[in-house]
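Chains, contacts and geometry: an overview
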2 protein chains.
Amino acid sequence: MSDSKPMTYAQSGVDIEAGDQMVSMIRRHMKRTYGPRVIEKHGGFAGFFRLDYNEKLFKRNYKDPVLVACTDGVGTKVKLAAQAGIYDTVGIDLVAMSVNDLVVTGAEPLFFLDYLGVNHLNPQQATDMVKGVADGCHQAGCALLGGETAEMPDVYAPNDFDMAGFAVGVVERKRMLDGTRVEKGDVILGLASSGLHSNGYSLVRAIIDNKGLNLSHCYPELESDETLGQIVLTPTRIYTKPIISVLRKYRVKQVVSSMAHITGGGIIGNLNRALTSDLDAKVARKNWPVPPIFQFLQGQGNVEPEEMDRVFNMGIGFCLIVRPTFAKSVKKRLEKAGQTVYKMGSIVKGKGRVKLT
Amino acid sequence: MSDSKPMTYAQSGVDIEAGDQMVSMIRRHMKRTYGPRVIEKHGGFAGFFRLDYNEKLFKRNYKDPVLVACTDGVGTKVKLAAQAGIYDTVGIDLVAMSVNDLVVTGAEPLFFLDYLGVNHLNPQQATDMVKGVADGCHQAGCALLGGETAEMPDVYAPNDFDMAGFAVGVVERKRMLDGTRVEKGDVILGLASSGLHSNGYSLVRAIIDNKGLNLSHCYPELESDETLGQIVLTPTRIYTKPIISVLRKYRVKQVVSSMAHITGGGIIGNLNRALTSDLDAKVARKNWPVPPIFQFLQGQGNVEPEEMDRVFNMGIGFCLIVRPTFAKSVKKRLEKAGQTVYKMGSIVKGKGRVKLT
């Protein structure tokens, strides 16, 4: 750049017009998620969500409401998405990571916001990403209230990006769940994951690179018509609607003692967060099938079984700890809501640990 | 890596123990921001914030409360922070970007969450970053309710990082501000910025690189004892407390018609968002001093004046449009709250544009 040539913002790598174009393209995806509580306002500095203090429906549900907030990303799953050129599913993962954490507390999700950091703003790609986020919000039953896309050519390499999500929900104070209600004899139900979900992708990618695996290839060990790329990019399952349906059904009896979203750390590193320090969760691997993708990665990477358990969900995406007399009825209700449910084990006296056999 | 050597998560670049260490280090920074509405819970899947339905104080303030949510990053200011090795101030910028947007709507901030993406988790650096976020929350008067740190060695280059922030506030529905109240004759007050704030950093960095400027050097044109690095990393001013104090003071009279947070796009591209389409904002540059850093960058980069106006705040970080009879009184109140306030211009008939002379 010569001294005499004036410098502009566009020269430094940022395209304001492409940003404006995208904003209008994503607006229709956001609107798909709007319920009657969302207020649309001129100017667009922020998103608005009514709390309905004065409406009977809300008042009946909440006497002492507590707002619950979570944030998460999708880890290096974004790298695989960029590699495979599939941009419209990681948004579902992004919503899943936060809202599944939210529902663990007993909260129903109200709204969601996303942050997207990119190298260069490609309006079509960014719109695909936000479409995924809107799909996730729709599945979770919350409004996509806002978002930000940041073009940072010096932070993100070409085609690279990162995403962060932020969810807010509400729970009646007395019904907040945190493990203190768990009792010896409670039954642990596991909801099947859709696959890897959004954790362990640094290891997944290391195995793929190390063994020269082909994302476009169908490997017979995966027992599927899908390619390896499609299988590793399967969106994280969103559990909010079936869980909330269970919590609402047994409103008085409080049959759910505690819950856990199985993320990084696996069953061992997450189910323990649903316990108190005087109880153990005793679960047996034989009680649910480990999907082929986990065995495939373990074999290809020669990964120790203990390491697999510490990194991956191994087929279980979400756990509920329920009163034994209601276990069957809760299981049936979750199955009716489309979930695959396994009786993984039960609660015994212990030290706040997960004993996986 | 040989075929026979088992692969582990740590080998693939992620250090779970360093993460655990940091979590305990940042907890004390988070606690600094907690008020009585924050509920601490075992397990840590989410953050909790009471809405105080049953408390008189909250009920008196909010009859029909609307939740307001914003998200933003700090742009490539993170690159300069990494370059200068100063990690404990960009967190203030992060909070500022979201809460200043929030207060534009008339909302008081309630809580904040942050997302931090890094190459490698350095507990001290990450703690410094979260310290900055907690400082910002303290300045803004909101709780740092949660956060996520993601270690992504394949997305972020060594020492690189990105940050995203999420703020939630509350506003009484009837008192939401959106520009529709602005009238011909209203006065435009400008609050001095602390400097560049968090926009235009791709251009700032291009100028610094292009001219070989030294971040550790004190340039006489900057009329300051601070180095160029310190000046360009000055944290964004947080305007929430003085603004809320004004909004509370004139609760019945509603003397504030509209507001604007001056970010990317400058005064021209943000003050227009505070107007309706039949009015113009007429502002004169002579009404406030442009700080030396802007003139310095303009000169070094040979940047056109129009481009400067489109990219930078030029010394004004936040605008209030107020009823003319109250302009003096509002100005005094803001000054008492420590702000430097300029009468920038006034509202005239027009087409929803900012006319800067």
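Residues numbered from 1 in each chain as written. Chains lettered and ligands numbered in written order. Predicted model: local features only at pLDDT ≥ 70, side-chain atom pairs only at ≥ 80, totals over all residues. Heavy atoms only, no water.

**Looking at the overall build of chain A**
The criterion, for reference: Strands are runs of DSSP state E lasting at least 2 residues, helices are runs of H or I lasting at least 4, and numbering of each runs from the N terminus. Under the scheme applied here, a residue whose accessible area is under 20% of the maximum for its type counts as buried, over 50% as exposed, and between as partly exposed, the area being computed with a 1.4 Å probe on protein chains only. To measure how exposed things are, a 1.4 Å probe is used in the Shrake-Rupley method; for residues, cover is taken only from the protein chains shown. Charge assignment in this entry is limited to Lys and Arg as positive and Asp and Glu as negative, and neither His nor the chain termini are counted. Think of each charge as sitting on NZ of Lys, CZ of Arg, CG of Asp or CD of Glu.
When its secondary structure is counted, chain A shows 12 helices and 12 strands. With 357 residues in all, chain A has 60% of them scored as buried. Taken as a whole, chain A presents about 13800 Å² of accessible surface, with 48% of it coming from carbon and sulfur. A distance of 14 Å separates the average location of the 44 positive side-chain charges in chain A from that of its 37 negative side-chain charges.

**Section: the packing of helix H3 (residues 77-84) of chain B against helix H6 (residues 201-210) of chain B**
Residue and element names in this part refer to chain B. Cut-off, in case you're wondering: Think of each axis as a best-fit line through the C-alpha atoms, taken over the contacting stretch in the case of a helix, with angles from 0 to 180 degrees between the N-to-C directions. Throughout this description, any angle smaller than 35 degrees is read as roughly parallel, any larger than 145 degrees as roughly antiparallel, any in the 65 to 115 degree range as roughly perpendicular, and the remainder as oblique. Contacts between residues were defined by any pair of non-hydrogen atoms, one from each residue, lying within 4.5 Å. Each residue gets one label: Ala, Val, Leu, Ile, Met, Phe, Trp, Tyr, Cys and Pro are nonpolar, Asp, Glu, Lys and Arg are charged, and the others, such as Gly, are polar.
Their axes nearest at 8 Å, the elements H3 and H6 cross at an angle of 45 degrees. Here H6 runs oblique to H3, going by the angle between their axes. Where H3 approaches H6, its residues Lys77, Lys79, Leu80 and Gln83 are matched on the opposing element by Tyr201, Val204, Arg205 and Ile208. Residues that form the contact of H3 with H6 fall into these classes: 4 nonpolar, 1 polar and 3 charged.

**Considerations on the pattern of salt bridges**
Working definition: two side chains of opposite charge can pair if their charged atoms are close together. Selection rule: We define a salt bridge as a side-chain nitrogen of Lys or Arg found within 4 Å of a carboxyl oxygen belonging to Asp or Glu.
Summed over all chains, the structure comprises 26 salt bridges over all chains. Between B:Arg32 and B:Asp135 there is a salt bridge whose closest N-O contact spans 3.0 Å. Remark: B:Asp135 occurs in helix H5 (residues 123-140) and B:Arg32 occurs in the loop between helix H1 (16-31) and strand S1 (38-39); sequence separation between them is 103 residues. For B:Arg32, a relative accessible area of 36% corresponds to the partly exposed category. For B:Lys79, the salt bridge goes to B:Asp160, with nearest N and O atoms at 3.0 Å. Here B:Asp160 lies in the loop between strand S5 (143-151) and strand S6 (161-172) and B:Lys79 lies in helix H3, a separation of 81 residues in the sequence. Of the two residues examined, B:Lys79 and B:Asp160, each falls in the buried class. What you see here is one network of salt bridges that share partners, running through A:Arg32, A:Lys131 and A:Asp135.

**Focus on the nonpolar core**
Inclusion rule: For this analysis, a nonpolar core means a set of buried residues of the types Ala, Val, Leu, Ile, Met, Phe, Trp, Tyr and Cys, connected via side-chain atoms within 4.5 Å.
Ranked by internal contacts, the top residues of the largest apolar core, which has 215 residues, are A:Phe111, A:Phe161, B:Phe111, B:Phe161 and B:Leu271. Setting aside its immediate chain neighbours within four residues, B:Leu271 contacts B:Ile188, B:Ala260, B:Ile262, B:Ala281, B:Val283, B:Cys319, B:Ile321 and B:Val354.

**A closer look at the environment of A:Lys328**
Residues and elements named next belong to chain A. Tracing the backbone through its elements, the reader meets Lys328 in helix H12 (residues 327-336). Judged by relative accessible area, which is 72%, Lys328 ranks as exposed. With 141 residues separating them along the chain, Lys328 and Val187 place their C-alpha atoms 9.7 Å apart.

**Regarding the pairing of strand S4 (residues 108-118) of chain A**
All names here are of chain A. Convention followed: A pair of strands is labelled paired if DSSP reports no fewer than 2 bridges between them. Crossovers are marked right-handed if the path from the first strand over the helix to the second runs clockwise, as seen with the strands pointing away from the viewer.
Among the 11 residues of S4, 11 are classified as buried, and the element is accordingly described as predominantly covered. Two elements, S4 and strand S6 (residues 161-172), share 10 bridges in a ladder whose sense is antiparallel. Counterpart to Leu113 in the pairing with S6 is Phe166. Where S4 meets strand S5 (residues 143-151), 8 bridges bridge the pair, whose relative direction is parallel. Within S5, the residue paired with Phe111 across the bridge is Ala143. Between the parallel elements S4 and S5, the chain passes through helix H5 (residues 123-140) in a crossover that is right-handed.

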